[in-house]
Amino acid sequence: QVQLVESGGGLVQAGGSLRLSCVASGRTFSSCTMGWFRQAPGKEREFVIGISGSGGNRDYADSVKGRFTISRDNAKNTVYLQMDSLKPEDTAVYYCAARLLSWGVPVRQEEYNYWGQGTQVTVSS
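Attention in this report is confined to the structure presented alongside it. Please read these numbers as outputs of a predicted model, since none were measured by experiment. (Residues numbered from 1 in each chain as written. Predicted model: local features only at pLDDT ≥ 70, side-chain atom pairs only at ≥ 80, totals over all residues. Heavy atoms only, no water.)

This next bit is on the overall build of the chain. Helix and strand counts for the chain come out as zero helices and 11 strands. Mapped from its N terminus to its C terminus, the chain presents α and β elements in the order β-β-β-β-β-β-β-β-β-β-β. The principal-axis extents of the C-alpha atoms in the chain amount to approximately 40 × 25 × 25 Å. Within the chain, buried positions represent 46% of all 125 residues. Considering only contacts within the chain whose residues lie at least 6 apart along the sequence, 60% involve residues at least 24 apart. Accessible area of the chain: about 6,100 Å², with a carbon and sulfur share of 46%. One finds the centroid of the 13 positive side-chain charges in the chain at a distance of 5 Å from the centroid of its 11 negative side-chain charges. (Helix = DSSP H or I, 4+ residues; strand = E, 2+ residues; numbered from the N terminus. Buried < 20%, exposed > 50% of the residue type's maximum accessible area, 1.4 Å probe, protein only. Contact = heavy atoms within 4.5 Å. Areas by Shrake-Rupley, 256 points an atom, 1.4 Å probe, with all protein chains shown as cover. Lys, Arg positive; Asp, Glu negative; His and termini not counted. Charge placed at Lys NZ, Arg CZ, Asp CG, Glu CD.)

Moving on to the environment of F47. By the element assignment, F47 lies in strand β5 (residues 46-51). Taking C-alpha positions, F47 is 8.9 Å from P106, a pair spaced 59 residues apart along the chain.

This is the structure in structure tokens:
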């Protein structure tokens with residue numbers, strides 16, 4: 001069992017930055033691929049960014065390349081999402097997810113085993 005708790009969401013103006021954190025507990029964190037997904041009102045949840053257990057592999061949605069960065073600190077059981085140059089279309093609930101395999105970075109949410117409760121990010125124009 002893995003418990004995930006996100007934090008760091010909030011309201012920011014377009015062009016601003018936010019840093020989300022997700023703290024995991026319950027299993028060996030470095031054994032898990034971690035991903036961030038988001039769901040905007042009226043839309044399906046979508047993959048944003050992900051990182052393998054060792055941190056050696058990353059994948060990004062085209063919409064966030066060059067603006068969002070993912071990192072992890074396995075000693076702190078934490079994964080971070082640094083969001084820069086935010087746009088109003090980035091407004092969504094952001095979810096942290098864990099996959100019980102350390103290699104690869106799948107984009108399908110069905111590949112992930114555990115989810116956090118989500119944190120709201122709102123970008124004003």
